[in-house]
Amino acid sequence: MATAKIGEDLQPLADIDRTIHEPARLMILALLYVVESGDFTFLMRQTGLTWGNLSSHMSKLEAAGYIEVEKEFVDKKPRTMPRLTDEGRAAFQEYVQSMKQVFDDLTA
Amino acid sequence: MSTKINLKELERKAWRSVFQDGLWDMYLGFLLLTMGIGPVLPALDTPIMWTLAILLMLSVLAWLGFWAGKKFITTPRMGLVKFGPQRKAKLKKTRAVLFLSALLGVIMLVLRALWNVEWAAIPIPAYVWAVQAFVVFGLGAYFLDVSRFYAYGILYAIPVPVGLALLQNTGLPGLMFLPFGVSGGVMVIIGVALFIRFLHDYPVPAEVVSDGNR
């Protein structure tokens with residue numbers, strides 16, 4: 001009985017979006033949440049991630065539909081600028097709210 | 001977690017990273033040095049139109065240096081970022097303030113050059129300049145979140161009244177360059193120091209091709 005009650009209490013933690021709930025991806029999404037878009041070099045500088053690490057996490061976020069990569073030409077050279085999708089923005093907001101709620105409930 | 005994540009602070013930090021290369025400091029300092037040359041050239045019997053042409057050329061050179069620095073040095077190291085609507089709105093306000101200020105400055109420079117008026121006899125524009133410089137840089141510091149621009153407001157405010165006071169007391173137009181040289185020199189030195197530190201802290205990432213793509 002006690003185990004079932006604990007399970008229910010901890011269920012919100014189990015429901016956390018695992019795509020977002022990884023430190024590197026959380027950093028990337030937090031950054032893209034506060035700016036309109038930023039290229040790989042910008043994200044790398046701000047997060048401190050290595051290029052390979054960043055690329056790997058970006059692929060996962062793109063696969064989840066949370067970011068889209070905007071390709072544009074600047075001085076006839078291609079440039080990629082990742083940005084949050086509407087889905088990604090909503091998912092991040094939901095993640096922040098649910099984390100706040102989870103810890104409020106745990107510490108109540 | 002040892003520190004809270006503040007999204008507003010995160011955006012502000014990303015924004016401030018744009019100003020850590022020292023290019024703005026060098027540019028603004030160089031502009032001030034250029035302005036200081038303005039009173040000196042006529043004293044060397046340089047024709048007025050030549051004086052204006054030289055000042056304009058130096059200002060354009062300063063801008064070109066700033067632009068080239070951002071494009072070829074800063075952006076490959078820091079990357080490219082587009083900020084959100086709130087920051088863009090603040091930028092618009094800053095640009096408007098700077099444009100009006102520049103316009104007023106140019107008008108005053110042209111009047112000075114064309115009329116060759118004894119400014120000491122008409123001290124009001126000097127104080128207008130000082131107040132304007134302080135207000136413009138203060139607003140710039142506020143909207144751009146760059147606190148050292150408050151100090152630059154003082155550095156920009158001082159040279160004109162001090163230069164005119166030197167002219168009034170010594171009668172030597174060449175001495176008018178002194179306060180501009182000191183103020184502008186301080187800003188350029190700060191800019192160079194920031195620039196050197198920036199180059200050291202942010203080498204071009206090995207993975208970056210010239211266009212910054214992955």
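Bear in mind that the values here come from a model prediction, so they are computed numbers and not experimental data.

We now examine the confidence of the model for chain B. All names here are of chain B. Per-residue confidence for chain B averages 84 on the pLDDT scale, and 87% of its residues sit at or above 70. The lowest-confidence element of chain B is helix H4 (residues 85-115), averaging 78 in pLDDT; the highest-confidence one is helix H8 (residues 177-201), averaging 96. The complex model carries a pTM of 0.80, and its ipTM stands at 0.79.

So, on to the packing of helix H6 (residues 148-157) of chain B against H8(B). Residue and element names in this part refer to chain B. It is the contact of H6 with H8, at a shortest axis distance of 9 Å, that shows an interaxial angle of 150°. As far as their axial angle goes, H8 and H6 are roughly antiparallel. H8 is crossed by H6, and the crossing has left-handed handedness. Together, Arg 148, Tyr 152, Leu 155 and Tyr 156 of H6 and Ser 183, Val 186, Met 187, Ile 190 and Leu 194 of H8 make up the contact between the two elements. Its residues placed into classes, the contact of H6 with H8 shows seven nonpolar, one polar and one charged.

All right, on to the pairing of strand E2 (residues 67-74) of chain A then. Residues and elements named next belong to chain A. Pairing geometry for E2 and strand E3 (residues 77-84), over eight bridges, is antiparallel. Bridged to Val 74 within E3 is Lys 77. From the end of E2 to the start of E3, which pair antiparallel, there are two residues, and Asp 75 there has a positive phi angle of about 55°.

Definitions and cut-offs
- Residues numbered from 1 in each chain as written.
- Chains lettered and ligands numbered in written order.
- Predicted model: local features only at pLDDT ≥ 70, side-chain atom pairs only at ≥ 80, totals over all residues.
- Heavy atoms only, no water.
- pLDDT = per-residue confidence, 0-100.
- Helix = DSSP H or I, 4+ residues; strand = E, 2+ residues; numbered from the N terminus.
- Axes fitted to C-alpha atoms, helices over the stretch in contact; angles between N-to-C directions.
- Parallel < 35°, antiparallel > 145°, perpendicular 65-115°, else oblique.
- Left-handed = near helix turned anticlockwise from the far one by under 90°.
- Contact = heavy atoms within 4.5 Å.
- Nonpolar A, V, L, I, M, F, W, Y, C, P; charged D, E, K, R; others polar.
- Pairing = 2+ DSSP bridges.

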